[in-house]
Amino acid sequence: MTAAGRPPLRIVLADDERMVRTALRVILEAEPDLEVVGEAASGSEAVPLVRSLAPDVVLMDVRMPEIDGIRATEQIIAGMAEPPRIVVVTTFENDAYVYDALRAGAAGFLLKRADPDELIGAVRLVARGDCLLFPAAVRSLAASHAPGATGPAAWVARLTDREADVLRLMATGLSNHEISERLGVGPQTVKSHVAAVLSKTGSRDRTQAVIAAYEGGFMKKG
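Residues numbered from 1 in each chain as written. Predicted model: local features only at pLDDT ≥ 70, side-chain atom pairs only at ≥ 80, totals over all residues. Heavy atoms only, no water.

Visitor: What's the story with the pattern of salt bridges in this structure? I'm lost.
Guide: Where charged atoms from two side chains of opposite charge come close, those side chains can pair. As enumerated under the stated definition, the model contains twelve salt bridges in all. In this structure, R168 engages D165 in a salt bridge whose closest nitrogen and oxygen atoms are separated by 3.6 Å. Highlighted residues: R168 and D165, both in helix α7 (residues 161–171), separated by three residues, approximately one helical turn. What makes R168 partly exposed here is its relative accessible area of 25%. Residue classification places D165 among the partly exposed residues on the basis of a relative accessible area of 28%. Residues joined in a network through salt bridges with shared partners are R21, R25, E29 and E39. (Salt bridge = Lys/Arg side-chain N within 4 Å of Asp/Glu carboxyl O. Helix = DSSP H or I, 4+ residues; strand = E, 2+ residues; numbered from the N terminus. Buried < 20%, exposed > 50% of the residue type's maximum accessible area, 1.4 Å probe, protein only.)

Right, dumping it as structure tokens:
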């Protein structure tokens, strides 16, 4: 238990380099609220391990042997009623594999050159339901993957003005708390708007809604 009486966040590491996994474990387990409960050296090892351990967060290398991080993410999301939050770990933020992993259900991505504080913060961030994105990178990746639509997606017109404000801020990488402060409304109000945005965009989580915002032409407005 942590000092606050809550169990630590349970984490699985999936990376084909043992040295990387060891370094991640050392950094994470120095924090009292974080616990590494398992390690996998490939996507094919990661999928059954995650299903059996049901961790809160998975740090998933995108390029691994046998099954890569994209397919592993797809299989974990599809095979669990309550899948963990998956963070893809990558060397380059403009890697096309990253975008495919986000579309497959990853909660966000983290660069391998991130410092320890960024890593720790990322795990805590996604565990509480926020997405972990680099807006400029997502915009660039979305532009290269989006279908050649002639106009905004139909759901754009169904957003209220405040829901549009919230989605726009989500797409720039702000958390619920930051959106609350920016708009001058309570956190519960923001949470309600986010839920409405997810419903109207047909998204299962914030990351999918952000992708929809770029692919659906919403971020080209205003």
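Visitor: I'm lost on the environment of A14 in this one. Help?
Guide: Take A14: it is sitting in strand β1 (residues 9–14). Not counting chain neighbours up to four residues away, the residues in contact with A14 comprise A40, A46, L59, M60, D61 and M64. (Contact = heavy atoms within 4.5 Å.)

Visitor: I would appreciate a short explanation of the pairing of strand β2 (residues 34–40) in the present structure.
Guide: Along a regular strand, successive side chains alternate from one face of the sheet to the other. Bridge analysis of β1 against β2 gives six bridges, and the strand direction is parallel. If you follow A14 over to β2, its bridge partner there is A40. Crossover handedness for the path β1 to helix α1 (residues 18–29) to β2: right-handed. (Pairing = 2+ DSSP bridges. Right-handed = clockwise from strand over helix to strand, strands pointing away.)

Visitor: Is there a simple way to explain unusual backbone geometry in this structure?
Guide: Trans peptide bonds make up the majority, and among non-glycine residues the majority have a negative phi. Positive phi, close to 45 degrees, is recorded for A54, a residue that is not glycine. Tracing the chain through its elements places A54 in the loop between α2 (43–53) and β3 (57–61). Judged by relative accessible area, A54 falls into the partly exposed class, the value being 42%. Unlike most non-glycine residues, E66 shows phi in positive territory, near 70 degrees.

Visitor: Please clarify how helix α9 (residues 187–201) should be interpreted in this entry.
Guide: Note on helix geometry: an α-helix contains 3.6 residues per turn, so any two residues three or four positions apart are oriented the same way. Between its first and last C-alpha, α9 extends 21 Å over 15 residues, near the 21 Å set by a 1.5 Å rise per residue. Inspection of α9 places V190, H193, V194, V197, L198 and T201 among the buried residues, and these make up the whole buried set. Here the buried residues of α9 occupy an arc of 140 degrees about the axis, which is enough to place them on one side. Turned more than 90 degrees away from the buried face of α9, the exposed residues are Q188, K191 and S199. Buried-residue contacts for α9 involve α7, α8 (176–183) and α10 (206–215). Looking one or two residues past α9, G202 carries a phi angle of roughly 70 degrees, positive in sign. (Expected span 1.5 Å × (residues − 1). Arc of directions from axis to C-beta.)

Visitor: Even after reading the chapter, I still don't get the packing of aromatic side chains, so can you show me in this structure?
Guide: Counting across every chain of the model gives one aromatic pair. Between W155 and F218 the ring centres are 6.1 Å apart and the planes differ by 35 degrees, which places this aromatic pair in the tilted class. Residue W155 is found in the loop between α6 (135–145) and α7, and its partner F218 is found in the segment after α10; the two are separated by 63 residues along the sequence. By relative accessible area, which is 1% here, F218 ends up buried. (Phe/Tyr/Trp six-rings, centres within 6.5 Å; stacked < 30°, edge-to-face > 60°.)

Visitor: How should the packing of α1 against helix α5 (residues 116–127) be read in this particular structure?
Guide: To characterise two packed helices, one gives the angle between the axes of the helices and the distance between these axes. Close contact between α1 and α5 brings their axes to 10 Å; oriented N to C, the two are set at 75 degrees. In terms of orientation, α1 lies roughly perpendicular with respect to α5. Packed against α1, whose contacting residues are L24, I27 and L28, the element α5 presents P116, L119, I120 and V123 at the interface. (Axes fitted to C-alpha atoms, helices over the stretch in contact; angles between N-to-C directions. Parallel < 35°, antiparallel > 145°, perpendicular 65-115°, else oblique.)

So, to be careful, I would describe these as geometric facts and stop short of saying anything about function.
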